[in-house]
Amino acid sequence: MDGGFASLLVAAGSAAIAMASLLWALRVTDGARGSIEVWKTRVRELEDKVAWADAVFGAFPGVVLIWEDMVSDGDAEWGKPRIYGSPLALASLLRFSDSAVAAEPPVRILQGLSLFDATDSTGASTRLAPVLGRLRREGAAFSLKISTPDGVFVEADGRTAGARAVVWLLDAGVRGVEDSGIRVEGGREVIARDPTAFLEMWNAAPFMAWRVNGALKLEWANPDYLDALEAKSLDQAITRNLLLDQGATDLARKAIDTGEAQEETRSAIVKGERRILRIRVSPVAGGAAGIALDVTDSEVARDLLSSQQRAHDETLDHLAEGIAVFDAQKRLMFHNRAFEQMWNLDPAFLQDRPAHAAWLDYLKEKRKLPAHANYAEWRARELALYQEVSDMPQDFWVLPDGRMLRIARQRHPSGGLLLIFSDITNEVSLKSSYDALLQTQKAALDKLHEAVVVFGLDGRLKLHNAAFSTMWKLEQGALEDDMAYDKVVAACEKLFHDKAEWAKVRARITDPSPEARTEYRGEMRRSDESVLKFLTRPLPDGATIVAFQDITADRRVEDALRERAEAFETADKLKGQFVENVSYQLRNPLQAIYGNAEMLAAKVFGPLNDRQVEQVDSIIEASGNLSKLIDNILDVAMVEAGNVALDLAPMDMYEIITESVQMAASKARDTEVPIRVKCDPKIGAIDADQKRITQVIVNLLSNALRHTERGDTITVSAERIDDIVRLTVADTGKGMAFDQQARAFDSFESGDRRGAGLGLALVRSFVEMHGGWVALQSEPGRGVTVTCHLPAHAPLSGPPPAPPTRKAA
């Protein structure tokens, strides 16, 4: 068909040119009337050729479109072709232009046919519009077979003729040719055999589907589409031309124009709600068909997954461990900051997503990998882990800079590997130090005589010394590391089987409450008659130390001392009874002696010579001293027995001092030792037992007189300091040795053997009964000073108050 029509075209063109030349010649040769007949003959010949060409065109069952010149990029898409052919062929092709928008018949035919599928001479699918554009721009010839919706095929051939572009269009139905040789293959054959079932399938599809014609008018839609656009029926949707939105319309136009499927994912309003749709529009015969999938949930899940992935990456970025993820192609796909800092890697190197092997080579070049005798073999083993299906091994790398890393590997969902690098240098160092400290502590504990055992908060044995096994008579190896508390107790129960006491100890070990985490003390009397004292104390790390001490010997000593104290108490009671009995037994004969001596001194039985008078006076003086001694002995016995009660009443301190001095003045005259009083008469009164305070002063003066000689002096002074009255008796006698001062206030102690030593003992007892205290100062050869501190208001009972501090003058 191509060669015959080309010749026909050339002949028609030649005829047209010849006719044009004839007319021009007639015009320019108007003056050459002689040659008119020649030219008329030529015109008739040309008219015959034109008529022949028209007849040929009219006999051709298709149409011919001719473009006079080639098109540039800025020209209209379809141009303005001239059309040749029979009216029948023109009418048959115009029936495919229902979707066309142009007014000119040739352009309408082209627009209509460009909406249908076509195959080229190689069998590839294409459309009329793109190949026609290449013909007009580049002169690229084509031969197409266009499939129309009603099963009719249109043949289209395009060629160039000089500067012209020519396209032949032939409707196979018009020329009466049944294209029985063309078979619909595969799915088209099925659709052609049962189009109703195919349509029902699309109506039941769980997504929107629709079809538009070349004029972008809705032709069909499935129920999901109608429901989404809230259309009551398909007819209503077609009548109102309800399209999804302008974006879907633009996609359909682009698909028709380019002959290629268009796809995008975006939001759209569906049933009044904004949803995310994945829209795909494909060019089909007569227009375009589209489907829209509601991917809102999947997109929301994708966004959620993406946000979780970002949060996961940010979390990994804050970890101290270095994290690196290599994909299935063994290229780095993720790393955190710790990984980059741990290996001191160049950011530019990491940005290139290096391969696992390249990363290892980089570290080896920088001398950052552990030393290996055969690096290539080690590297191959590392890379072979990508094919490992079992659990990944955990390695420890000792780096040249002294760091130790723990490397954990696991399979990544992407098919690659996840590597976790932990710097355990400090951990290993601390563990080593801890183990060394533990051994040191154990060695130190083994040197102790006390039994020591340490339990963790979980109630398991952490540490014990050799003394523990010895004290509880345990065989070697009976205790194991991390041994449960109950098992340790079971090994010790043969010596102490009080389960309640063991439970109390357990509570201090395993109970984490603040009330239980306190020190606990107790004793265990074991079946072998031994006694252990134990103590539990919580440690800062949560563990609890339990220490045992064998106090069997101490308890025996305490028992002995207790028995001795009881014996002393019994002896003291016997002594008191003895003293009291002896005192009463001595008082009766003493009274007889004293009475008879006074009768002799009064010369009742006659006059006495001087020697007899002197002897009688000695008897009277000795009887008086003995009477006082008996009184003191009785007072001491009563004080020690706790049978002395104070008769407290206000008393003037100055009067008591003067009266007591007068009582001792007669003996002072005998020794020619003056007694001086230094006391403010307005010193005031105190609450005290007048009898006992007088006895205190007299005893102090008697003691001073025994230690003074002619030329010495005795001074009695008193002063009030706040609520304390300080009474002082000082002498300038021979003083007291330092070793005697500590025993001066003990009963039956006398420094000069001239007394029973009860005076100062009674002084201290009576002063302390008033809530005061006594102090003694003396140096050999410089006299003795005894100071009694008496409170202004004596308490009924209780210990003496603390000594006051003298105010600065």
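Cut-off values and rules
Residues numbered from 1 in each chain as written. Predicted model: local features only at pLDDT ≥ 70, side-chain atom pairs only at ≥ 80, totals over all residues. Heavy atoms only, no water. Pairing = 2+ DSSP bridges. Helix = DSSP H or I, 4+ residues; strand = E, 2+ residues; numbered from the N terminus. Axes fitted to C-alpha atoms, helices over the stretch in contact; angles between N-to-C directions. Phe/Tyr/Trp six-rings, centres within 6.5 Å; stacked < 30°, edge-to-face > 60°. Buried < 20%, exposed > 50% of the residue type's maximum accessible area, 1.4 Å probe, protein only. Patch = residues over 30% accessible without salt bridge, like charges linked within 9 Å, V, L, I, M, F, W, Y side chains within 5 Å. Areas by Shrake-Rupley, 256 points an atom, 1.4 Å probe, with all protein chains shown as cover. Salt bridge = Lys/Arg side-chain N within 4 Å of Asp/Glu carboxyl O. Left-handed = near helix turned anticlockwise from the far one by under 90°. Contact = heavy atoms within 4.5 Å. Nonpolar A, V, L, I, M, F, W, Y, C, P; charged D, E, K, R; others polar. Lys, Arg positive; Asp, Glu negative; His and termini not counted. Charge placed at Lys NZ, Arg CZ, Asp CG, Glu CD.

Re the sheet that holds strand S16 (residues 404-411)
Then step 1. In spatial order, the strands read S14-S13-S17-S16-S15; together these five strands make up an open sheet with antiparallel pairing. Two strands close off the open sheet at either side, each with one partner strand: strand S14 (332-335) and strand S15 (395-398). Geometrically, the sheet is characterised by an average inter-axis angle of 25 degrees between neighbouring strands, direction not taken into account.
Then step 2. Judged from the seven bridges that link them, S16 and strand S17 (residues 417-423) form a sheet pairing that is antiparallel. When the bridges of S17 are listed, Arg-406 appears paired with Ser-422.

Observations concerning the packing of aromatic side chains
Then step 1. This model, assessed by the stated rule, comprises 20 aromatic pairs.
Then step 2. Ring centres of Trp-343 and Phe-421 lie 5.6 Å apart, and the angle between their planes is 90 degrees; on these two criteria the pair is classed as edge-to-face. Note that Trp-343 is positioned in helix H12 (residues 337-343) and Phe-421 in strand S17, a separation of 78 residues in sequence.
Then step 3. Classification of Trp-343 as buried rests on a relative accessible area of 1%.
Then step 4. Overall, the relative accessible area of 0% leaves Phe-421 in the buried class.
Then step 5. An aromatic cluster is defined as three or more aromatic residues linked by ring pairs; in this entry it consists of Phe-326, Phe-339, Trp-343, Trp-359, Tyr-375, Trp-378, Trp-397 and Phe-421.

Re a nonpolar patch on the surface
Then step 1. Residues Met-599, Leu-600, Val-604 and Phe-605 make up a contiguous nonpolar surface patch of roughly 380 Å² in combined accessible area.
Then step 2. According to the relative accessible area criterion, Leu-600 is partly exposed, its value standing at 33%.

Notes on the pattern of salt bridges
Then step 1. Evaluated as defined, the whole model comprises 32 salt bridges.
Then step 2. Across the pair Glu-519 and Arg-521 runs a salt bridge whose closest N-O atoms are separated by 2.9 Å.
Then step 3. Of the residues examined, Glu-519 reaches a relative accessible area of 34% and is grouped as partly exposed.

So, the packing of helix H14 (residues 356-365) against helix H15 (residues 375-383)
Then step 1. Between H14 and H15, the least distance of the axes is 10 Å, while the angle of their chain directions is 145 degrees. Classified by chirality, the crossing of H15 by H14 is right-handed. In this structure, H14 contributes His-356, Ala-357, Leu-360, Asp-361 and Lys-364 to the contact, and H15 contributes Tyr-375, Trp-378, Arg-379, Glu-382 and Leu-383.
Then step 2. Partitioning the contact of H14 with H15 into residue classes produces five nonpolar, one polar and four charged.

Focus: the pairing of strand S29 (residues 784-791)
Note on strand geometry: in a regular strand, side chains alternate between the two faces of the sheet.
Then step 1. Along S29, seven of the eight residues are buried, which leaves the element largely enclosed by surrounding structure.
Then step 2. In terms of strand pairing, strand S27 (residues 724-731) meets S29 through seven bridges, oriented antiparallel. The residue bridging Arg-726 from the neighbouring strand is His-789, located in S29.
Then step 3. Relative to S29, strand S28 (residues 773-778) is paired through six bridges, and the arrangement is antiparallel. Considered in S29, the bridge of Ser-778 is made with Val-784.
Then step 4. From the end of S28 to the start of S29, which pair antiparallel, there are five residues, and Gly-781 there has a positive phi angle of about 85 degrees.

Let's talk about a negative patch on the surface
Then step 1. Judged by side-chain charge, Asp-610, Glu-614, Asp-617 and Glu-621 come together as a negatively charged surface patch.
Then step 2. Examined against the element boundaries, Glu-621 turns out to sit in helix H21 (residues 610-641).

Things to note about the pairing of strand S9 (residues 218-221)
Then step 1. The pairing of strand S8 (residues 208-213) with S9 spans three bridges and is classified as antiparallel. Note that in S9 the partner of Trp-210 across the bridge is Ala-221.
Then step 2. Linking two consecutive strands that pair antiparallel, namely S8 and S9, is a turn of four residues; a positive phi of about 60 degrees is found at Leu-216 within it.

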